[in-house]
Amino acid sequence: MEILLLTLIIFGILSQNVCLSAYTKRNGERGIFALTALIALAAFAVFFFAGGFSYTFAWRYVPYSVGFALSYASANLFASLAIREGSLSLTGLVTSYALLVPALYGMIFLHEPIGVWKIVGILLLAVSLFLINIEKKAGEGERKITLRWAIFAFLAFLGNGFCSTTQKMEQAAFGGEGAVEFMLIALALVFVIFFTLSFIKERKDWKEALPRGCAFGLLCGLANGACNFLVVLLNPRMPASVMYPLISAGGIVVTTLVSVLIFKERLSRSQWLGMAIGVTSIVFLNL
């Protein structure tokens, strides 16, 4: 059962990255707010129908939901922009490093022991980021690293990291109570925020961007919601120190394979080495 859940989660991560890449290649930066609203709406639907229709809402969940909503919105928005500007595989790698943020939160605020493995993981992470950002003359099929891509990827990294951190804070505060309700409130807030922004800023793009990208947004949201819900199911079945490295490393591997084999992206030797060291650093950070 654990292997099946892990496989489905990794497939969901791949599906999100592919859908975001397909949308941005077709529409560019047009309709990004509307896309994020669609993703949140579809993810909300997954939690609503999969949660069993038995919910208990409480105001104490709201502050954590607001924090998660802002982080989730940033993660999706800037990941879309990063994939538009640069490599799908490298964007997936950088955003997967987001587990470093909740790890640092645990060390600083929860006084968790740092440990030699976390120090090694952080050092390997620094080496990996250096290798994948070595500038190389772009050739056929390559996507050159740019400042815009670096900024968008870093903001997506922070958004993903604070998502996990907010979840960790909510679970610590309530002992795992209200996990589904917490997510429903957060996803509803994301939808309202980005639908409002899209209505104000993007109405002129709706006729062209939405018909061409609506399906990608809905599929990405369904995959995102399914991933988050499956993680909730897998959490009590598997130690976090095993589960998160497998999810992160598996997401990197399958995203890289698809980006190279299907999207024909080309990585330099140093970037391949950085990718391998990045996978290793994720494992060490969770030991």
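Residues numbered from 1 in each chain as written. Predicted model: local features only at pLDDT ≥ 70, side-chain atom pairs only at ≥ 80, totals over all residues. Heavy atoms only, no water.

Student: A description of the overall build of the chain should follow, citing residues and the corresponding values.
Tutor: Scanning the chain for helices and strands turns up 11 helices and zero strands. Listed by position from the N terminus, the elements making up the chain come as α-α-α-α-α-α-α-α-α-α-α. When each of the 287 residues of the chain is scored for burial, the buried share is 49%. Within the chain, residue pairs in contact and separated by at least 24 positions form 88% of the contacts whose partners lie at least 6 positions apart. Carbon together with sulfur atoms contributes 71% to the accessible area of the chain, which is approximately 13800 Å² in total. (Helix = DSSP H or I, 4+ residues; strand = E, 2+ residues; numbered from the N terminus. Buried < 20%, exposed > 50% of the residue type's maximum accessible area, 1.4 Å probe, protein only. Contact = heavy atoms within 4.5 Å. Areas by Shrake-Rupley, 256 points an atom, 1.4 Å probe, with all protein chains shown as cover.)

Student: Describe the packing of helix H2 (residues 32-50) against helix H3 (residues 62-85), naming the residues involved and giving the relevant values.
Tutor: Two elements in contact, H2 and H3, have axes separated by 10 Å at closest approach and are oriented at 130 degrees. As far as their axial angle goes, H3 and H2 are oblique. Pair H2 / H3 crosses with right-handed handedness. Contact residues: Ile-32, Phe-33, Leu-35, Thr-36, Ile-39, Ala-40 and Ala-43 in H2; Tyr-72, Ala-73, Asn-76, Leu-77, Ser-80 and Leu-81 in H3. (Axes fitted to C-alpha atoms, helices over the stretch in contact; angles between N-to-C directions. Parallel < 35°, antiparallel > 145°, perpendicular 65-115°, else oblique. Left-handed = near helix turned anticlockwise from the far one by under 90°.)

Student: Describe in detail the pattern of salt bridges, supporting the description with residues and values.
Tutor: This structure, assessed with the given rule, holds two salt bridges. Here Arg-60 ties to Glu-177 by a salt bridge, and the two come within 2.4 Å at their closest N and O atoms. Of this pair, Arg-60 sits in the loop between H2 and H3 while Glu-177 sits in the loop between helix H7 (147-174) and helix H8 (179-201), placing them 117 residues apart in sequence. Note that Arg-148 is salt-bridged to Glu-85, the shortest N-O span being 3.2 Å. Note that Arg-148 is positioned in helix H7 and Glu-85 in helix H3, a separation of 63 residues in sequence. (Salt bridge = Lys/Arg side-chain N within 4 Å of Asp/Glu carboxyl O.)

Student: Now, about the side chain of Ser-65: what can you tell me, with residues and values included?
Tutor: Of note, Ser-65 is situated in helix H3. Residue classification places Ser-65 among the buried positions, given a relative accessible area of 0%.

Student: So what's going on with the nonpolar core? Residues and values would help.
Tutor: Soluble globular proteins: nonpolar side chains tend toward being buried together. Formed by 49 residues in total, the largest nonpolar core has its most connected members in Leu-20, Phe-47, Phe-68, Tyr-72 and Val-190. Counting residues per element, this core draws most heavily on H3, which supplies 10 residues. Other than its neighbours up to four places away in sequence, Phe-47 contacts Tyr-55, Val-180, Met-183, Leu-184, Leu-187, Gly-225, Asn-228 and Phe-229. Membership of the second largest hydrophobic core comes to eight residues, among which are Leu-5, Leu-230, Leu-234 and Ile-247. (Core = buried A, V, L, I, M, F, W, Y, C linked by side-chain atoms within 4.5 Å.)

Student: Please provide a residue-by-residue account of a nonpolar patch on the surface, values included.
Tutor: Taken together, the side chains of Val-66, Leu-70, Leu-189, Ile-193 and Leu-197 present a nonpolar region at the surface, about 350 Å² in accessible area. Relative to the helices and strands, Ile-193 resides in helix H8. (Patch = residues over 30% accessible without salt bridge, like charges linked within 9 Å, V, L, I, M, F, W, Y side chains within 5 Å.)

Student: Give me the environment of Ile-39: which residues, what numbers.
Tutor: Looking at the secondary structure, you find Ile-39 in helix H2. In the structure, Ile-39 is positioned 184 residues away from Ala-223 in sequence and 9.0 Å away in space, judged by C-alpha atoms. Excluding anything up to four places from it in sequence, Ile-39 contacts Leu-20, Tyr-72, Asn-76, Gly-217, Cys-220 and Gly-221.

Student: I'd like a description of helix H1 (residues 2-27), backed by residues and values.
Tutor: Helical geometry: 3.6 residues make up each α-helical turn, so side chains three or four residues apart lie on a common side. Taking 1.5 Å per residue, 26 residues should reach 38 Å; H1 reaches 38 Å between its end C-alpha atoms and fits that length. At the exit of H1 stands Gly-28, carrying a positive phi of roughly 65 degrees. (Expected span 1.5 Å × (residues − 1).)

Student: With reference to specific residues and values, describe the packing of aromatic side chains.
Tutor: Any two aromatic rings considered together are summarised by their centre-to-centre distance and by the angle between their planes. With the rule as written, the count across this model stands at 13 aromatic pairs. Three or more aromatic residues joined by ring pairs make a cluster, and in this case those are Phe-44, Phe-48, Phe-49, Tyr-55 and Phe-57. Here the basic side chain of Arg-203 rests over the ring of Phe-199, its NZ or CZ set 4.4 Å away from the ring centre. (Phe/Tyr/Trp six-rings, centres within 6.5 Å; stacked < 30°, edge-to-face > 60°. Lys NZ or Arg CZ within 6 Å of the ring centre and 35° of its normal.)

Student: Tell me what's going on with the state of the cysteines, and back it up with residues and numbers.
Tutor: Per the counting criterion, the structure on display carries zero disulfides. Summary of cysteine pairing: Cys-227 is not part of a disulfide, and the nearest cysteine sulfur, belonging to Cys-220, is at 9.4 Å. (Disulfide = S-S within 2.5 Å.)

Student: Any details on the packing of H1 against H2? Residues and values, ideally.
Tutor: Packed helices, taken two at a time, are described by the angle between their axes plus the distance between the axes. In the contact formed by H1 and H2, the axes pass within 12 Å of each other and the chain directions differ by 155 degrees. In terms of their interaxial angle, H1 and H2 are classed as roughly antiparallel. When you trace H1 past H2, the crossing you get is right-handed. Note on element contacts: H2 touches H1 through Ile-32, Leu-35 and Ile-39, opposite Leu-20, Tyr-23 and Thr-24. Looking at side-chain class alone, the contact of H1 with H2 contains five nonpolar, one polar and no charged residues. (Nonpolar A, V, L, I, M, F, W, Y, C, P; charged D, E, K, R; others polar.)

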